[in-house]
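Report on the structure
Single-letter residue listing:
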Amino acid sequence: MGTENDLDVEGQTEPPIRGLKSSKNTSASASSPTLAGTVRTAGTVSADSTPTLPGFTPELAHTLTVPDVSSLLETDSQNGLDNTEAARRLQQYGPNKVEGAKGLSLWTILLRQVSNSLTLVLVITMILSFAIDDHIEGGVIAAVILLNIVVGFVQDYRAEQTIQALYALSAPTCKVVRSGQTESIKAELLVPGDLVRLGVGDVVPADLRLVSSINLSTDEALLTGESLPVSKHAELILKDRDVPLGDRTNMVYSASTVTRGRAMGLVTATAMNTEVGKIAELLRTTRGKTVDEDSSMVKKIWTKFRNGLRVILGLDGTPLQVTLSKFALLLFGLAIMLAIIVFSVSKFNIDDEVLIYGICVAVAVIPESLIAVLTIATALGTRAMAKGNVVIRKLAALEAVGGVTNVCSDKTGTLTQGKMVAKSVWLADGTEITIQNTNHPFDPTSGDVRVGDVDWVLSEKERKTPAQLTSFLETVALCNNSAVTKADAAGPYTAIGEPTEIALQVLAMRFDSGKPQLTAGGSHGLLVEYPFDSSCKRMTVVCRADGSDDADSASAYAYTKGAIEAILPLMNASDALKAEIVTRAEALAALGLRVLCVARKPVDASLFSVEPKEGSEQSNNGLPERNTVECDLVFLGLVGLYDPPRVESAAAVAKCKEAGITVHMLTGDHVKTATAIAYEIGILSRDPSAAASSPNSIMVASAFDALTEAEIDAMPSLPLVLARCSPTTKVRMVEAMHRRKAFCVMTGDGVNDSPALKISDVGIAMGLNGSDVAKEAADMVLTDDNFASIVTAVEEGRRLFDNIQKFLLHLLISNIAQVILLLIGLAFKDNKGVSVFPLSPLEILWANLVTSSFLALGLGLEDAQPDVMQRPPHDLAVGIFTKELIIDKFVYGTAMGGLCLAAFTSVAYGVSGPDGLGELCNSDYSPACDLAFRARATTFATLTFLLLVTAWESKHFTRSLFNMHPEKYSGPLSVFKTIWQNKFLFGAVSAGFVICFPLVYLPVVNRTVFKHEAITWEWGIVAACVAAYILIVEAWKAGKRRRLAGVRNKKAVVGVEAA
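Note that the structure is predicted; figures quoted are calculated from it, not measured.

Turning our eyes to something else, we now look at the sheet that holds strand β20 (residues 594–603). The antiparallel open sheet is built from 9 strands, whose spatial order is β14-β13-β12-β11-β21-β20-β19-β18-β17. Two strands in the sheet have a free side with no partner beyond their single neighbour: β14 (454–456) and β17 (526–530). Ignoring which end each strand starts from, the neighbouring axes of this sheet average 20° apart. As paired strands, β17 and strand β18 (residues 538–544) are joined by 4 bridges and run antiparallel to one another. Bridged to Leu-526 within β18 is Cys-543. Contacting β11 (421–427), β12 (432–436), β20 and β21 (634–642), helix α17 (residues 575–590) runs over the sheet at an angle of about 10° to β21.

Another point: helix α13 (residues 467–478). With 12 residues, α13 should reach 16 Å at 1.5 Å per residue; the first-to-last C-alpha distance of 17 Å fits that figure. Taken across its 12 residues, α13 has 9 buried, putting it largely inside the fold. Every buried residue of α13 is accounted for by Leu-469, Ser-471, Phe-472, Leu-473, Glu-474, Thr-475, Val-476, Ala-477 and Leu-478.

Attention now goes to the environment of Leu-931. With respect to the helices, strands and loops of the structure, Leu-931 is situated in helix α30 (residues 930–953). Classification of Leu-931 by relative accessible area gives buried; the value is 12%. As for Leu-931 and Gly-918, which are separated by 13 residues in sequence, their C-alpha atoms are 7.8 Å apart.

Next up on the list: the packing of aromatic side chains. Evaluated as defined, the whole model comprises 14 aromatic pairs. Judged by centre distance (5.7 Å) and plane angle (80°), the rings of Trp-846 and Phe-1010 are edge-to-face. With Trp-846 in helix α28 (residues 841–860) and Phe-1010 in the loop between α33 (1005–1009) and α34 (1019–1058), the pair connects residues that are 164 residues apart, well separated along the chain. The class of Phe-1010 is buried, set by a relative accessible area of 4%. Among the aromatic side chains, those forming a connected cluster through ring pairs are Phe-945, Phe-993, Phe-997 and Trp-1019. The ring of Tyr-557 carries Arg-600 above its face, with NZ or CZ at 4.1 Å from the centroid. One cation-aromatic arrangement involves Arg-936 over Phe-933; the distance from NZ or CZ to the ring centre is 5.2 Å.

Our next topic: the packing of helix α29 (residues 883–908) against α30. Contact geometry of α29 with α30 gives a least axis separation of 8 Å together with a crossing angle of 155°. Relative to α30, the element α29 lies roughly antiparallel. Judged by the twist between their axes, the crossing of α29 over α30 is right-handed. Taking contact as the criterion, the partners of Met-896, Leu-899, Cys-900, Ala-903, Phe-904, Val-907 and Ala-908 in α29 are, on α30, Leu-931, Arg-934, Ala-935, Arg-936, Thr-938, Thr-939, Thr-942, Leu-943, Leu-946, Leu-947 and Thr-950. Among the residues forming the contact of α29 with α30, the class breakdown is 12 nonpolar, 4 polar and 2 charged.

Attention now moves to empty space enclosed by the protein. Within this structure, the stated rule accounts for 5 cavities of 30 Å³ or more. Space inside the second largest cavity adds up to approximately 50 Å³. Considering the residues around the second largest cavity, the lining is formed by Leu-809, Asp-888, Tyr-892, Thr-950, Glu-953, Ser-954, His-956, Phe-957, Tyr-1029, Val-1033 and Lys-1037. Looking at the lining of the second largest cavity, the elements with two or more residues in it are α29, α30 and α34. Among the elements that take part in the lining of the second largest cavity, α34 stands out by supplying 3 residues, more than any other.

For the rest of this paragraph, the subject is the sheet that holds strand β26 (residues 762–766). Note on sheets: strands pair through backbone hydrogen bonds, and any given pair is parallel or antiparallel. Pairing within the open sheet is mixed, and its 8 strands lie in the order β9-β27-β26-β25-β10-β22-β24-β23. Bordering the open sheet on either side are β9 (390–392) and β23 (698–700), each of which pairs with just one other strand. Pairs of neighbouring strands in the sheet enclose a mean axial angle of 20°, with direction left out of account. In this sheet, strand β27 (residues 780–782) lies alongside β26 in parallel orientation, the contact comprising 3 bridges. From the neighbouring strand, Ile-764 faces β27, where its bridge partner is Met-780.

Mapped onto the secondary structure, Arg-732 falls in helix α24 (residues 727–739). The buried charged residue Arg-732 lacks any salt bridge, with Asp-705 as its nearest oppositely charged partner at 4.3 Å. Among the polar contacts listed, one links the side chain of Arg-732 to the backbone oxygen of Phe-704, at a separation of 3.4 Å. Not counting residues up to four positions away in its chain, the partners in contact with Arg-732 are Phe-704, Asp-705, Ala-706, Leu-707, Thr-708, Glu-709 and Ile-712.

On a regular strand, one side chain projects to one face of the sheet and the next to the other, so that they alternate. A large share of β21 lies buried, amounting to 8 of its 9 residues. In this sheet, β21 lies alongside β11 in antiparallel orientation, the contact comprising 6 bridges. Within β21, the position partnered with Leu-427 by the bridge is Gly-637. Bridge analysis of β20 against β21 gives 7 bridges, and the strand direction is antiparallel. Among the inter-strand pairings, Arg-594 is bridged to a residue of β21, identified as Leu-641.

Here we come to the pairing of strand β5 (residues 207–219). Burial of β5 is extensive: 12 of the 13 residues sit out of reach of the surface. Across 10 bridges, β5 lies against strand β8 (residues 257–269) in antiparallel orientation. Looking at β8, one finds that Ser-217 is bridged to Arg-260. One ladder, built from 2 bridges, connects β5 with strand β7 (residues 251–252); its direction is antiparallel. Directly across from Arg-209, in β7, lies its bridge partner Met-251. In this structure, β5 lies alongside strand β6 (residues 230–232), joined through 3 bridges in antiparallel fashion. The partner of Ser-217 across the bridge, within β6, is Ser-231.

Cut-offs used in this document
- Residues numbered from 1 in each chain as written.
- Predicted model: local features only at pLDDT ≥ 70, side-chain atom pairs only at ≥ 80, totals over all residues.
- Heavy atoms only, no water.
- Pairing = 2+ DSSP bridges.
- Helix = DSSP H or I, 4+ residues; strand = E, 2+ residues; numbered from the N terminus.
- Axes fitted to C-alpha atoms, helices over the stretch in contact; angles between N-to-C directions.
- Contact = heavy atoms within 4.5 Å.
- Expected span 1.5 Å × (residues − 1).
- Buried < 20%, exposed > 50% of the residue type's maximum accessible area, 1.4 Å probe, protein only.
- Phe/Tyr/Trp six-rings, centres within 6.5 Å; stacked < 30°, edge-to-face > 60°.
- Lys NZ or Arg CZ within 6 Å of the ring centre and 35° of its normal.
- Parallel < 35°, antiparallel > 145°, perpendicular 65-115°, else oblique.
- Left-handed = near helix turned anticlockwise from the far one by under 90°.
- Nonpolar A, V, L, I, M, F, W, Y, C, P; charged D, E, K, R; others polar.
- 1 Å grid on protein atoms, 1.4 Å probe; cavity = no way out; pocket = protein on both sides within 12 Å on 5 of 7 lines; lining within 4 Å.
- Points joined across faces, edges and corners; volume = space filled by probe spheres on them.
- Lys, Arg positive; Asp, Glu negative; His and termini not counted.
- Salt bridge = Lys/Arg side-chain N within 4 Å of Asp/Glu carboxyl O.
- Polar contact = N/O pair within 3.5 Å; in protein donor to acceptor, adjacent residues only side chain to side chain.

Read these as layout, nothing more, since geometry by itself doesn't imply function.
Pasting the structure below:
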């Protein structure tokens, strides 16, 4: 952030010297209000300026005097509203709630579960099944649809409940003055015109026009993105109604936090009329394409219909959602085409048998269990992510985050610890002190301290602190209102106060010179405090020296700290020393440190013996003026503070780089601070060649915002560090990435981050320090606000993507095999010329919904590959259906379908009896149908066992099942370790193998339900088909490995020749 320009100090513990800042002395006629005010700074209205008052709106409050606002709101700025009027206004304006933070409704969560094409295709298939009185098939499909809806609904509902538990933006209670009496009420009961009291730590419950303020500062980072608290002044009256929110210093806004002082203010806006509410309202708009208000009614209706249809069909969402929805529509079209082929073979003489067969062929091409398996696998992934401190609000976000190419992260609290630490000290005598390796900012024993060339250890009590250092530590400890404590010996340190002051207090405690130690036994008693003010950028306290209680003693010191430019002119120092101080300060600022100057001087304690009168509003009451105390100061030293990176950040950024993911830092902080942290954690490289290849890697937001879209797109690469970011800057950054076809993650915590979170591909909000509105706009929430958790989410997303490919391959192989089997099966005729089903309708459903489902789910639980974070993100343009997956599914599907045909024909025609395939064997068993039923049982067993083998072979697309993890297992028995590694999949294969036998042999179940018969010698055919299938798959994988090795060798030769 560079040299400190705006030092902030915690709310005062002693009566402040600077008195009440109030507008109540500004008079205005109640019957004819004016804008008369007092001039304090540029941009305010002069005292003799009295333009006509326009009608009141909340946007005008900062341009009006307090009497004007009070008159227009019909309230009393001293006594507030009466309870009757407050109740009436509550009925008129409604509760003070931001609707955007209410979360998702149950109906919305439920609708999300069915808004995809695959579910709609299953619904259509279910309807057709019931229409032809095939109640078993229809019931099974209905159960699959219900399972998908229930699992998805429960997961999304639980995630939403977790998010609701994290919501902490809105103030739950507040102090309000009604009828002259102060009472505590729920913040949602506030109404416009209420008079609210604010103190340190309070969350502002609504938008307020300040009536009075004492040393007030508020943290508006969630609303404006400003990293430092903003000083507020009730007496100011601004001239321009379009002043930015951050500069409206006579207003405080809902969701901001009071960091110092106290105040009273009139409520000007509540609920959705607040500035937070306006942003929440923007987030409630849809992402779909819209039309202009001037468009015709027909065009508006068409646009709404189109957007709704896209949502229902699942064509709006993550890449996988869109791809699978399009795939489902393709399969639906293919199913219709196959049914037409079946009907055409019978010359469209469609009886019940032909209709059932046509529907069977259509059902065979649709992977009914895909949506259920995908939902369950993703839900299990969210449970794993919850352990990694990531709450998934939308199931689809988990697979989406695995495909990210760029991560845009905030700095403070995400990449860094969000707490200030003193890193470097330069004393007046030239001594340098450094503090490194601090893991716990509040713990004075954490880290390594070096004083000059000596490593400092606090436990070495015999070591004497140098005099110059003692004076410096005494100043930073006493000119300080923070408290750093430890509840018990085994517990952690806790701190209360402003981050800057906490860091200074911890620094003093490292040398056993903290404020409690210095003030023990009445030492260094406080005489007076001149609190921080934004106009002077410094703070001073006057304390007795060495515990002297004699008011007439001259043993007192004025201790001062503040910005360099604020203290330098007040020091009694030579020009040479001042020049050296500036040089040292600039050197520290270049390292990204916030620099404070520390000084003191001896004063006469008797000058400060007058105590402030009780209730007095005067600022000095006979005490010395501030400018007489803050002069001729003796320079003690400089201290450089910074927000240290999290311990995990550097490793997480390195992991992202290794995974081909570019990390961008978008922060509201100073460019020097951002750059220093970016270098420290590895976002920026210190390699000169890297800097030369990317000249725009570091930019200030104002420069970036000044560029046109064409100029941004012409840049060779987008900035890695964007400092002083506004919400608009973040949105433009995301839009620029989208134009480059990048898939990006955006993190944010403030209300101002919500628009960028919403338009990013995956929005991630902070759970600890994030606002409700940011969580509402996000797809995921980090419960620990840690960047490393994002990397964990990416890794889990990639694992899920790989596993989706595996079980998708398995399911599609089964579908292709069944389509080949059933289409060619049209040629198998019985004695009446009717096609005989190679598989019965229920056998098809059993294979698709029972056998394949559990196998696919087992593949969805596969562990991540060892190289999952060592390869670039998958190509988003290609998506889930890579060239390798498409080729493999047709090769394996054709092989499986061919072997199933071989099994059927070997039994049906290899040992054909006198009755052949019998008559009407698709519906009922008769002795004449024995051969057809045995052939069907053989085909069913073959298909089942081939699916079981395929599940294990699909664990890796190129490696052999017999040597799948050479880095873990080796030897001829390694295959057993491989198949045992995934115990769920092993159980699913074992269960599928065992259950096949009762389905074949149990009476009634075989003939009546599955339409097949018990077999004996046919098991030899089944075994032969399984062996042949394994040989085909292993040969195909060996060919792929050989081709890959050839490509690698060719690249190596080319590389050597180029060298």
